[in-house]
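Given next are the chains, with one letter for each unit.
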Amino acid sequence: MASGSTGLPAFLRDISGLQIVYIDPSKEVLDIETEGREVKVKVATWSPDGQLLAFVDPNEGVGVATVEEARLEMNILPGSSKSTVGIYWSPLGSTLVTVSLHQKGSS
């Protein structure tokens, strides 16, 4: 969490990408503080239990974001394809399936 950030992390997505914000539920008015950390994504999907967010960063590949005790962790999956166009969780959320485009000329 960025210094000075309070509250619970949340994810907002608009046309510019995925943004991590912090929401303080103890205040009467919804107060959103941005951490300034933004990930440009093509695809994003929540796990069935709502604890994980899988996403595709076109520069890095497939990643998974988790929040533990208001601390955000974002991990890129090694060897994942930057050309992934679909992400699907298994019904219990134990497996992540990705669909990628075949690169012309690759074996």
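Everything numeric in this text was worked out from a predicted model, so none of it was measured.

Turning our eyes to something else, we now look at the overall build of the chain. The secondary structure content of the chain amounts to zero helices and nine strands. The order of α-helices and β-strands along the chain, N terminus first, is β-β-β-β-β-β-β-β-β. Here the contacts in the chain between residues at least 6 apart in sequence split such that 28% fall between residues at least 24 apart. As displayed, the chain has an accessible area near 6900 Å², and 53% of this comes from carbon and sulfur atoms.

Within the fold, S83 resides in the loop between β7 (71-76) and β8 (84-89). Within the structure, S83 has its side chain in polar contact with the backbone oxygen of L101 (distance 3.4 Å).

Taken residue by residue, the chain gives an average pLDDT of 76. The fraction at 70 or more is 70%. Mean pLDDT across the elements of the chain bottoms out in strand β3 (residues 32-39) (55) and peaks in β8 (92).

Time to look at the nonpolar core. Grouped together as the largest cluster of nonpolar side chains are eight residues: F11, Y22, V41, L53, F55, A65, L72 and M74. Listed by contribution, the elements that provide at least two residues to this core are β5 (52-57) and β7. Grouped together as the second largest cluster of nonpolar side chains are six residues, V43, A54, V56 and I87 included.

Position of D57 among the secondary structure elements: in strand β5. D57 sits in the buried class, given a relative accessible area of 11%. Distance from D57 to S81, taken between C-alpha atoms, is 9.5 Å for residues 24 residues apart in sequence.

Right, let's talk about the pairing of strand β6 (residues 61-68) for a bit. The buried fraction of β6 is high, at six of eight residues. The turn joining β5 and β6, which pair antiparallel and follow one another in sequence, is formed by three residues.

With that settled, the discussion passes to the environment of H102. Position of H102 relative to the elements: it lies in the segment after β9 (96-100). For the pair formed by H102 and S81, sequence separation is 21 residues and the distance between their alpha carbons is 9.9 Å.

Relative to the elements of secondary structure, G86 occurs in strand β8. For G86, a relative accessible area of 4% puts it in the buried group. Separated by 11 residues in the primary sequence, G86 and V97 have C-alpha atoms spaced 8.2 Å apart. Aside from chain neighbours lying at most four places away, what touches G86 is V97, T98 and V99.

The buried fraction of β5 amounts to five of the six residues, a majority that puts the element mostly inside the structure. Alignment of strand β4 (residues 43-46) against β5, held across four bridges, turns out to be antiparallel. When the bridges of β5 are listed, V43 appears paired with V56. Between β4 and β5, which pair antiparallel and follow one another directly, the connecting turn spans five residues, one of which, G50, has a positive phi of 75 degrees. Examined bridge by bridge, β5 and β6 share six bridges and lie antiparallel to one another. Paired with V56 across the bridge in β6 is V62.

Definitions and limits used
- Residues numbered from 1 in each chain as written.
- Predicted model: local features only at pLDDT ≥ 70, side-chain atom pairs only at ≥ 80, totals over all residues.
- Heavy atoms only, no water.
- Helix = DSSP H or I, 4+ residues; strand = E, 2+ residues; numbered from the N terminus.
- Contact = heavy atoms within 4.5 Å.
- Areas by Shrake-Rupley, 256 points an atom, 1.4 Å probe, with all protein chains shown as cover.
- Polar contact = N/O pair within 3.5 Å; in protein donor to acceptor, adjacent residues only side chain to side chain.
- pLDDT = per-residue confidence, 0-100.
- Core = buried A, V, L, I, M, F, W, Y, C linked by side-chain atoms within 4.5 Å.
- Buried < 20%, exposed > 50% of the residue type's maximum accessible area, 1.4 Å probe, protein only.
- Pairing = 2+ DSSP bridges.

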